[in-house]
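Examination of the molecular architecture
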Amino acid sequence: MTATTAPPRTRRDDPLRRAVGLLGLSPRTLALSVLLGVLALGSAVALAAVSAWLIARASQMPPVLQLSIATVAVRAFGIGRGVFRYAERLTSHDLALRGMAQLRETLYARLATGRTESLVGLRRGDLLARVGADVDAVGDVVVRGLLPVAVAAVLGLGTVLAIGAFLPAAGLSLAVCLAVAGVVAPALAARAARRSEELAARSRADMTSTALSVLDDPGQLAVSGQLTGQLDLLRDADRRLAAATDTGARPAAVSAALGTLAVGAAVVAALALGIPAMSRGALTPVELAVVVLTPLAAFEATSLLPAAAVQVLRSRLAAERVIALLDAVDPGVPAVPRDAVAPLPAVRDAATDAGSADPADSGGVLPDHSGLVARDLACGWPGRPPVVSGLDLTVRPGRSVAVVGPSGTGKTTLLLTLAGLLPPRSGSLTADGATVASLDSEQVARSVVLTAEDAHVFETTVLENLRVANGATTADEARTALRRAGLGAWLDALPQGVDTLLGPDALNVSGGERRRLLLARVLVSPAKILLVDEPAEHLDTDTADALVRDLLSGSFRGEPPTPAASAGPLRGVVVVTHRLTPLDAADEVIVISDGFVQARGTHAELLRRDTGYRDSLWRENQGSVATS
Ligand SMILES: Nc1ncnc2c1ncn2[C@@H]1O[C@H](COP(=O)(O)OP(=O)(O)OP(=O)(O)O)[C@@H](O)[C@H]1O
Ligand SMILES: [Mg+2]
């Protein structure tokens, strides 16, 4: 993988340069592509020159033998043009596609291991646009931007020198016309297209993110009456995109006209300069034909340049977004110097160490710092006031904590902070004794794993879906995790066991099974602390309560082996839920409201002490009685 060096404050800061650097282009293949491009268009120019010579010379009716070499050359250049062009296409596309794959790989690796606080605030559609279309646009600069420019420069210079050798003034006039077609017209096109490209990028991002939200939740949007509004937004973004594209088409037409005008001017100038030169005897009539007709082919190279300039612009805008994403996840400055932090104690792979020698598993005493410890923790989003403050929390392996509170109080924000995805606003947060903010995400992932409300089930096998949390998971480990997550019967009914393909976003799996599948995924992760956000959302109350109860007690935390499933290591669990009924299984319940911990204790203690908690539980049971 290409490693990026820390950018010095020079032209290397240019996002397009940095992004193209990340493509990891092989200089030899790039040079070969340019050479093949020059040979292809050079063949076209040579074909024009030899044809002009042949036609003019043939009109003088020389012995046929004098023409035969030219006839062969015409054929050779005609064939060469096509062959070289094909070879150039193959080489340059291979180069660009490999580059895009390389850049994407770098991007995915950084996203997976980098800092995430700026990422969680990014719209999914926007992220998708950056790793998708934007990376393609950066790669396109090779084939549609750099290559045509390099080929046109070499070819233009060659043709000018060749024509100049016949008649220096004609070479000069050709140089001026080529500059108009190859520099002025593209600059004009690029300048006018800049605004339209900026507009298009914004509309494209709006369109992708709106389309994704509509595709993700069409049912819910339809029920809440928001589908029409979302579709209107989509149509509006599409209309703006079309308008932006139209805006860009006009200047492109102007610069194309300028290109054609330059071709005409070059021919007229060659005639105007060539005829007097012929009269003077400085040029033979056959040479005049060559001087007048050859430039026609040279403009083939410059005719691609307005589009190339627009491509460079488009790629630059895309590169800005890609580089901004890379910098956001990898600003290069860790929040706390890494060497100031004690190294994490090695954590064994949870899925492979059943029946382990962990001190806690064997009834030994856990070290003081083990697990997740928060002291006077405040959580919130960057640039906004904290949503939860003053939180003390200790989650040791084998212990379960439930967090409850009204919607919007900051429960998800708290879990994101505990998972190291958002930096704490104040207070301290340590995982196995190391400050979480100072660890990279790979280190945090060895201690803590989060299952978000909207965690994705991928359209692949059950096994691969579990490997999302731990790439080394074997089929046996996956089966054990599924059984421990309560999916034993489901697994037995699957036609190909853990190798069964799941449909898109697990639509062919019931809501409860989907949730349990996501929980099996956290079970194969090596982390000792599981953070689970609303595991029972959208489930009927009985299924929901059974799931939350399983999570807070039993196999998720580490239980003696059952006939169906062997025990795993001890794990600590933090569950955010809106159901109070199953919380008797939790070691501690924390009630958050209005930004602070309002009450905490065991379920029984809270029922005794806290009237609000008692009332909420009573209302919840009334509700389930009413709906059952
Ligand atoms: N990506 C985000 N960027 C900025 N603020 C956010 C973001 N997500 C949530 N918030 C804000 O943080 C606050 C807490 O939201 P959070 O999602 O943590 O609540 P919650 O308790 O999990 O709610 P619910 O029970 O509905 O899931 C809210 O005011 C919300 O608007
Ligand atoms: Mg939430």
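**A closer look at the overall build of the protein chain**
The secondary structure content of the protein chain amounts to 18 helices and ten strands. Within the protein chain, the proportion of its 628 residues that are buried is 44%. Once local pairs closer than 6 in sequence are excluded, the contacts in the protein chain between residues at least 24 apart make up 78%.

**So, the sheet that holds strand E2 (residues 388-395)**
Taken in spatial order, the four strands line up as E2-E1-E4-E5 in an open sheet, and their pairing is antiparallel. Strands at the two margins of the open sheet, each flanked by one partner only, are E2 and strand E5 (434-435). Sheet topology note: the strand E4 (residues 426-431)/E5 ladder contains two bridges and is antiparallel. Bridge pairing links Ala431 to Ala434 in E5. With respect to the sheet, helix H10 (residues 411-418) is in contact with strand E1 (372-379), E2 and E4, its orientation differing from that of E1 by roughly 130°.

**Digging into the environment of Leu258**
Counting through the fold element by element, Leu258 comes out in helix H7 (residues 227-280). Along the sequence, Leu258 and Val180 sit 78 residues apart, while their C-alpha atoms lie 7.6 Å from each other. Ignoring anything within four residues of it in the chain, the contact list for Leu258 reads Val180, Ala181, Val184, Ala185 and Leu188.

**What about the site of ligand 1?**
Around ligand 1, a shell composed of 13 residues is seen, among which Trp381, Ser407, Lys411, Thr412 and Thr413 lie nearest. Per-class residue counts for the shell around ligand 1 are three nonpolar, eight polar and two charged.

**Here's the deal with the packing of helix H5 (residues 168-216) against H7**
Describing two packed helices takes the angle between their axes plus the distance from one axis to the other. The N-to-C vectors of H5 and H7 enclose an angle of 175°; their axes lie 8 Å apart at closest approach. Classed by the angle they form, the pair H5 and H7 counts as roughly antiparallel. Tallied by class, the residues present in the contact of H5 with H7 amount to 34 nonpolar, twelve polar and five charged.

**Observations concerning the sheet that holds strand E10 (residues 596-601)**
An order of E6-E7-E8-E3-E9-E10 is seen for the six strands of this open sheet, with the pairing classed as mixed. This sheet does not close on itself; its edge strands, each paired only once, are strand E6 (448-451) and E10. Across this sheet, the average inter-strand angle for adjacent strands is 15°, counted without regard to direction. As judged from the five bridges shared by strand E7 (residues 529-533) and strand E8 (residues 572-576), these two strands associate in the parallel manner. Looking at the pairing, Ile529 lines up with Gly572 of E8. Most of the contacts of H10 go to E8, to which it runs at about 155°, and overall it touches strand E3 (400-404), E6, E7, E8 and strand E9 (588-593). Against the sheet, helix H15 (residues 511-524) engages E6 and E7, with an angle of about 170° to E6.

**A look at the nonpolar core**
Membership of the largest hydrophobic core comes to 85 residues, with the highest contact counts inside it found for Ala19, Val45, Val138, Val291 and Val322. Mapped by element, the contributors of at least two residues to this core are helix H1 (15-22), helix H2 (27-58), helix H3 (64-113), helix H4 (124-166), H5, H7, helix H8 (285-302) and helix H9 (305-329). In terms of residues, this core owes the most to one element, H4, which gives 15 residues. Residues in contact with Val138, not counting those within four places in the same chain, are Ala19, Val20, Leu23, Leu103, Ser315, Ala318, Ala319 and Val322. In this structure, Val373, Ala402, Ala478 and Val573 belong to the second largest nonpolar core, which totals 76 residues.

**Thoughts on the environment of Leu155**
Locating Leu155 in the fold gives a position in helix H4. Leu155 sits in the buried class, given 25 other C-beta atoms within 10 Å. Sequence-wise, Leu155 and Val38 are 117 residues apart; in three dimensions their C-alpha atoms are separated by 6.3 Å. Ignoring sequence-local partners within four residues, the contact set of Leu155 consists of Val38, Leu41, Gly42, Val45, Ala298 and Ala301.

**Looking at the confidence of the model for the protein chain**
Per-residue pLDDT for the protein chain averages 82, and the proportion of residues at 70 or more is 86%. Ignoring residues within four places in sequence, the model shows residues 333-366, a span with pLDDT below 50, making 59 contacts including any to other chains. Here residues 559-567 is modelled with pLDDT under 50, and outside its nearest four sequence neighbours on either side it reaches 16 contacts, counting other chains as well.

**A look at the pairing of E4**
In the sheet, E1 pairs with E4 via five bridges, with the strands oriented antiparallel. Residue pairing across strands places Ala378 opposite Ser426, the latter belonging to E4. Following E4, the chain reverses through two residues before pairing antiparallel with E5; Asp432 in that reversal takes a positive phi of roughly 50°.

**Description of unusual backbone geometry**
At Met61, a position not held by glycine, the phi torsion is positive, near 50°. By the element assignment, Met61 lies in the loop between H2 and H3. Judged by the 8 C-beta atoms lying within 10 Å of it, Met61 is exposed. One non-glycine residue, Asp376, lies in the positive phi region at around 50°. The topology assignment puts Asp376 in strand E1.

**Here's the deal with helix H16 (residues 541-552)**
When the terminal C-alpha atoms of H16 are compared, their 16 Å separation across twelve residues agrees well with the 16 Å that a helix rising 1.5 Å per residue should span. All of the buried residues in H16 are Ala544, Asp545, Leu547, Val548, Asp550, Leu551 and Leu552. In this fold, the buried residues of H16 make contact with E3, H15, E7 and E8.

**Here's the deal with the packing of H1 against H9**
Between H1 and H9, the least distance of the axes is 8 Å, while the angle of their chain directions is 75°. Here H1 lies roughly perpendicular to H9, going by the angle between them. Here Pro15, Leu16, Arg18 and Ala19 of H1 lie close against H9, whose contacting residues are Ser315, Arg316, Ala319, Glu320, Val322 and Ile323. Residues that form the contact of H1 with H9 fall into these classes: six nonpolar, one polar and three charged.

**Looking at the environment of Leu463**
Position of Leu463 relative to the elements: it lies in helix H12 (residues 462-467). Sequence separation between Leu463 and Thr500 is 37 residues, and the spatial gap between their C-alpha atoms is 8.2 Å. Residues within four places of Leu463 in sequence aside, it is in contact with Ala475, Ala478, Val498 and Asp499.

Calculation rules
- Residues numbered from 1 in each chain as written.
- Chains lettered and ligands numbered in written order.
- Predicted model: local features only at pLDDT ≥ 70, side-chain atom pairs only at ≥ 80, totals over all residues.
- Helix = DSSP H or I, 4+ residues; strand = E, 2+ residues; numbered from the N terminus.
- Buried ≥ 20, exposed ≤ 12 C-beta atoms within 10 Å, placed from the backbone.
- Contact = placed C-beta atoms within 7 Å.
- Pairing = 2+ DSSP bridges.
- Axes fitted to C-alpha atoms, helices over the stretch in contact; angles between N-to-C directions.
- Near = placed C-beta within 6 Å.
- Nonpolar A, V, L, I, M, F, W, Y, C, P; charged D, E, K, R; others polar.
- Parallel < 35°, antiparallel > 145°, perpendicular 65-115°, else oblique.
- Core = buried A, V, L, I, M, F, W, Y, C linked by C-beta atoms within 7 Å.
- pLDDT = per-residue confidence, 0-100.
- Expected span 1.5 Å × (residues − 1).

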